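Fold and geometry: a report
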Amino acid sequence: MREANFLKALRGKACHPHPAWFMRQAGRYLPEYRAVREKAGSFLDLCFSSELAAEVTLQPIRRYDLDAAILFADILLMPMVLGQDLAFEKGEGPRLSPALGDSTFDPAAARNMDIVAPVYETVKRVRSELAEDKALIGFAGAPWTVATYMIAGRGVKDTAALRRFAYEQPERFAALIAALEDVTIDYLCGQVEAGADALQLFESWASGLPADFVRQWCLAPAARIASAVKKRHPEVPVIAFPKGAGSLYLDFAKEPVFDGLSLGTEVDPHWAKENLSAKTLQGGLDPLLVAAGGEEMRSAARRLKDTFAGTPYIFNLGHGFVPDTPPENVAELVSIIRE
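A quick note: this is a predicted structure, and the numbers were derived from the prediction, not measured.

About the cut-offs
Per chain, residues are indexed from 1 in the order of the written sequence. In view of the model being predicted, local features appear only for residues whose pLDDT reaches at least 70, and side-chain atom pairs are presented and counted only at 80 or more, with totals across whole chains, interfaces and linings using the full set of residues. Note that water and hydrogens are dropped before the side-chain values are worked out from all heavy atoms of the structure. Going along the chain from the N terminus, every DSSP run of H or I of four or more residues is numbered as a helix, and every run of E of two or more is numbered as a strand. All radius of gyration figures rest on C-alpha atoms, and the globule criterion is 2.2 Å times the number of residues raised to 0.38. Relative accessibility under 20% of the residue-type maximum defines a buried residue, over 50% an exposed one, and the middle range a partly exposed one, all with a 1.4 Å probe and only protein chains included. The contact definition used throughout considers only heavy atoms, calling two residues in contact when any of these lie within 4.5 Å. In these tables, accessible area is a Shrake-Rupley quantity obtained with a 1.4 Å probe, and a residue counts as shielded only by the protein chains included in the view. We define a salt bridge as a side-chain nitrogen of Lys or Arg found within 4 Å of a carboxyl oxygen belonging to Asp or Glu. UniProt positions are given in the numbering used here, feature names are shortened, and annotations may be inferred rather than shown by experiment. Using only the protein atoms, space was sampled on a 1 Å grid; points where a 1.4 Å probe fits but cannot get out form cavities, open sets with protein on both sides within 12 Å along at least five of seven lines form pockets, and lining residues are those with an atom within 4 Å of a point. We call two N or O atoms a polar contact when they sit within 3.5 Å, provided that within protein one can donate a hydrogen and the other can accept it, with sequence-adjacent residues counted only if both atoms are side-chain atoms. A strand pair is defined by DSSP finding two or more bridges across the two strands. For helices, the fitted axis covers only the stretch in contact; all axes are lines through C-alpha atoms, and the angles between them, taken along N-to-C directions, range from 0 to 180 degrees. Two rings from Phe, Tyr or Trp (for Trp, the six-membered ring) form a pair when their centres are within 6.5 Å of each other. A pair whose planes differ by under 30 degrees is stacked, one over 60 is edge-to-face, and the rest are tilted. Should the near helix be turned anticlockwise from the far one by less than a right angle, the crossing is termed left-handed; should it be turned clockwise, right-handed. Throughout this entry, Asp, Glu, Lys and Arg are counted as charged residues, while Ala, Val, Leu, Ile, Met, Phe, Trp, Tyr, Cys and Pro are counted as nonpolar. The remaining residues, Gly among them, count as polar. Grid points are joined across faces, edges and corners, and a volume is the space filled by probe spheres set on the points.

The next subject is the overall build of the protein. Summing up its helical and strand segments, the protein has 15 helices and eight strands in all. For 339 residues, the compact-globule estimate of 2.2 N^0.38 gives 20 Å, and the protein sits close to it at 19 Å. The dimensions of the protein, computed from C-alpha atoms along their principal axes, are 55 × 45 × 40 Å. Within the protein, the proportion of its 339 residues that are buried is 57%. A separation threshold of at least 6 residues defines the contact pool for the protein, and within that pool the share at least 24 residues apart is 74%. Counting every atom, the protein has about 13,900 Å² of accessible surface; 49% of that belongs to carbon and sulfur.

The next subject is the environment of leucine 71. Note that leucine 71 resides in the loop between strand S1 (68-70) and helix H5 (77-81). Taking the relative accessible area as the measure of exposure, leucine 71 reaches 4% and is therefore buried. The sequence separation of leucine 71 and phenylalanine 139 amounts to 68 residues, and the corresponding C-alpha distance is 7.2 Å. What leucine 71 contacts, discounting residues up to four positions off in sequence, is Thr57, Val119, Thr122, Val123, Leu136, Ile137, Gly138, Phe139 and Gln191.

Let's shift gears to the pattern of salt bridges. Going through the model one piece at a time under the given rule, you end up with 19 salt bridges. With a shortest N-O distance of 2.6 Å, arginine 111 and aspartate 182 are connected by a salt bridge. On the criterion of sequence distance, the pair formed by arginine 111 in the loop between strand S3 (93-97) and helix H6 (117-129) and aspartate 182 in helix H9 (residues 170-194) is long-range, its members being 71 residues apart. Ionic pairing is found between aspartate 186 and arginine 232, a salt bridge with its closest N-O pair at 2.8 Å. In this pair, aspartate 186 sits in helix H9 while arginine 232 sits in helix H10 (residues 211-232), placing the two residues 46 residues apart along the sequence. Residue classification places aspartate 186 among the partly exposed residues on the basis of a relative accessible area of 22%. Each of Arg111, Asp182, Asp186 and Arg232 takes part in one network of salt bridges that share partners.

Quick look at the UniProt feature "binding site: substrate" (unreviewed entry) in the protein now. With numbering aligned to this structure, UniProt lists the feature "binding site: substrate" (unreviewed entry) at Arg24, Gln25, Ala26, Gly27, Arg28, Asp74, Tyr149, Ser204 and His319. These annotated residues cover 296 residues of sequence, and their C-alpha atoms sit far apart, with the largest distance between any two at 23.3 Å. Lining the largest pocket, out of the annotated residues just given, are Arg24, Gln25, Ala26, Gly27, Arg28, Asp74, Tyr149, Ser204 and His319. For aspartate 74, the position within the fold is in the loop between S1 and H5. Aspartate 74 gets classed as buried once you look at its relative accessible area, which sits at 15%. Residues contacting aspartate 74, with those up to four places away along its chain left out, are Phe43, Cys47, Phe88 and Phe139. Polar contacts involving the side chain of aspartate 74 include one to the main-chain amide nitrogen of leucine 76, which spans 2.9 Å. Its relative accessible area of 28% is what places histidine 319 among the partly exposed residues.

A separate point is the sheet that holds strand S6 (residues 238-242). With parallel pairing, six strands are arranged side by side in an open sheet as S1-S4-S5-S6-S7-S8. In the strand order of this sheet, the two ends are held by S1 and strand S8 (280-283), each with one partner. The mean inter-strand angle of the sheet, taken between neighbouring strand axes irrespective of direction, is 25°.

Here the focus is the packing of aromatic side chains. What the rule picks out here adds up to 16 aromatic pairs. Ring centres of tyrosine 120 and tyrosine 187 lie 6.3 Å apart, and the angle between their planes is 40°; this geometry places the pair in the tilted category. With a gap of 67 residues between them, tyrosine 120 in helix H6 and tyrosine 187 in helix H9 connect regions that are remote in the sequence. By relative accessible area, tyrosine 120 is classed as buried at 18%. A connected cluster of aromatic rings, assembled from ring pairs, spans Trp144, Tyr167, Phe173, Phe213 and Trp217.

Close contact between helix H14 (residues 294-307) and helix H15 (residues 327-337) brings their axes to 10 Å; oriented N to C, the two are set at 35°. Where H14 crosses over H15, the handedness of that crossing is right-handed. In this structure, H14 uses Met297, Arg298, Ala301, Arg302 and Lys305 to contact H15, whose residues at the interface are Asn329, Glu332, Leu333, Ile336 and Ile337. Its residues assigned to classes, the contact of H14 with H15 comprises five nonpolar, one polar and four charged.

We now examine the UniProt feature "domain: Uroporphyrinogen decarboxylase (URO-D)" (unreviewed entry) in the protein. Cross-referencing UniProt, the feature "domain: Uroporphyrinogen decarboxylase (URO-D)" (unreviewed entry) maps to residues 19-28 and 137-153 in the present numbering. Between the end C-alpha atoms of residues 19-28 there is a gap of 23 Å, over a span that is 0% helix and 0% strand. End C-alpha to end C-alpha, residues 137-153 measures 28 Å, and it is 59% helix and 29% strand.

On inspection of all chains with the given rule, the structure shows one cavity of 30 Å³ or more. The computed volume of the largest cavity comes to approximately 40 Å³. Looking at the largest cavity, the residues that line it are Ala142, Leu201, Glu203, Cys218, Ala222, Ala240, Phe241, Pro242 and Phe252. Secondary structure elements with two or more residues in the lining of the largest cavity: strand S5 (198-203), H10 and S6. Among the elements that make up the lining of the largest cavity, the one with the highest residue count is S6 (three residues). Residue composition of the lining of the largest cavity, by class: eight nonpolar, no polar and one charged.

Structure (structure tokens):
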């Protein structure tokens, strides 16, 4: 069996060319995705249709011959497991009810893992269709990021009120994080048992938080999840993505249970290479450069390649593709990576 270069890189091997995949590589910028999305109906119907979710997971692999597919699902399935209702309002994003911040709802009292059974079937379908030298990445939202939506009932850019919830109701907040850890461990292990080769934890809301808060409520829960998953599946590498964590990436790099770190657009690649090299590094390219295309994109991509030449680096973005990204720009980016 030929091992995927993506997995070789996560195990510390420098590959040439760098293996590549992209966050939100399956999505609205692809016409084939939009056709499937229309067929599915709602976004959640697409997530829970194993056949259609597998199809959109595989679309960018067929189009660009990338080194890894990432499961098509959503980070907000865990609140549904814990008893919240989830809906996606057109033009407004996700809505969760009842919101914890203004209710007595107790997420620790409910748990229904059957809700995500279709996701495991999606993983099985994708893995059966992927070539041996292509990896399949499973994922989940990290507890703090998921908790922000559960507390507010929606996505918010300013986390001040959410931190205040944590400070004013510490026992309730700690119980929420613990419940999220518990179900996320089972969810990720279920993905591995269905065929996922590697896992990524998305901590999308680490930006602007106090350092001690990041260590207690972002780093520690993510590390506990990774540790518990590795106890059951020691061969499976785990990537952490603490977007916006700044110098606290150093703390994530010291955590032995993470095999890789995904770099946000705000992280200086040279600083990362000098200070975070204990881990396989991934990402860093501004997705808006790919939307714009042209010489700026080409130059930035080549600078990343040059910076991480000879290291176990995985080419990726600092965040996900935006919907108006031209597919031909992505194709050009892939050709630059493969040069």
